[in-house]
Amino acid sequence: MPKSKVRKKAVYTPPQRSQKVAVSPRWLVPTMVGCWLIGLIWIAVYYVTASTGTNVPGMSTLSNWNLLIGFGVIVVGVVLSTRWR
């Protein structure tokens, strides 16, 4: 039986990781939390004013679009939270 040949292959060395840790900007967390709170407050004010019959200028003319605005602002906060490190 013939003897098998020995492979001459270089030893695998994994690529080096960069030493710099990614840090999120300072404005990200306050903006993210602010969007969540503004969206939540927008929806709550809409429901309270709609149930009591009070007339808030600008908000009364939007009617159900207020829900879209409130949830839209909350979604912006969620999208910002994906960039948080």
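Above: the structure in question.
Let me sum up the structure you'll find in this document.

Calculation rules
- Going along each chain's sequence as written, the residues are numbered from 1 onward.
- Given that this is a predicted model, residues contribute local features only at a pLDDT of at least 70 and side-chain atom pairs are listed and counted only at 80 or more, while totals for whole chains, interfaces and linings are drawn from all residues.
- Based on all heavy atoms of the structure, the side-chain values leave hydrogens and waters out of the count.
- Working definition: a ring pair exists when centres of Phe, Tyr or Trp rings (six-membered ring for Trp) sit within 6.5 Å. Plane angles under 30 degrees give stacked, over 60 give edge-to-face, the rest tilted.
- Whether a residue is buried, partly exposed or exposed follows from its accessible area with a 1.4 Å probe, protein chains only, as a fraction of its type maximum: under 20%, in between, or over 50%, in that order.
- Under the DSSP-based scheme used, a helix requires at least four consecutive residues in state H or I and a strand at least two consecutive residues in state E, with every element numbered from the N terminus.
- In this analysis, the expected span of each helix is defined as 1.5 Å times one less than the number of residues it contains.
- Here, residues are in contact when the closest pair of their heavy atoms is within 4.5 Å.
- For helices, the fitted line uses only the C-alpha atoms of the stretch in contact; every axis is such a line through C-alpha atoms, and the angle between N-to-C directions lies from 0 to 180 degrees.
- Angles are sorted into four bins: roughly parallel if under 35 degrees, roughly antiparallel if over 145, roughly perpendicular if 65 to 115, and oblique for all others.
- Working rule for handedness: look at the near helix, and if it is turned counterclockwise from the far one by less than a right angle, call the crossing left-handed; if clockwise, right-handed.
- Residues are grouped as follows: Ala, Val, Leu, Ile, Met, Phe, Trp, Tyr, Cys and Pro are nonpolar; Asp, Glu, Lys and Arg are charged; every other residue, Gly included, is polar.

What follows concerns the packing of aromatic side chains. Under the counting rule described, the total for this entry stands at one aromatic pair. Taking the centre distance of 5.6 Å and the plane angle of 45° together, the rings of Y46 and Y47 count as tilted. Looking at Y46, the relative accessible area reads 11%, which means it is buried. On the basis of relative accessible area, Y47 is assigned to the partly exposed category, the value being 47%.

Moving on, we get to helix α1 (residues 28-52). When the terminal C-alpha atoms of α1 are compared, their 36 Å separation across 25 residues agrees well with the 36 Å that a helix rising 1.5 Å per residue should span. Buried residues of α1: L28, M32, C35, G39, I43, Y46 and T49, and no others. Looking at the buried side of α1, the elements it contacts are α2 (59-62) and α3 (65-81). At the exit of α1 stands G53, carrying a positive phi of roughly 85°.

Okay, the environment of I38 next. Relative to the helices and strands, I38 resides in helix α1. For the pair I38 and V76, spaced 38 residues apart in sequence, the C-alpha separation works out to 11 Å.

Closest axis-to-axis distance for the α1/α3 pair is 8 Å, and the angle between their directions is 160°. Here α1 lies roughly antiparallel to α3, going by the angle between them. At the point where α1 passes α3, the crossing takes the left-handed sense. The residues of α3 that touch α1, namely those facing L28, T31, M32, C35, W36, I38, G39, L40, W42, I43, Y46 and Y47, are N66, L67, I69, G70, F71, V73, I74, V76, G77, V78, L80 and S81. Counted by class, the contact of α1 with α3 contains 18 nonpolar, six polar and no charged residues.

Before going further, it helps to examine the side chain of S24. Within the secondary structure, S24 sits in the segment before α1. A relative accessible area of 15% means that S24 is categorised as buried. With residues up to four places along the chain from it excluded, the contact list for S24 reads R83, W84 and R85.

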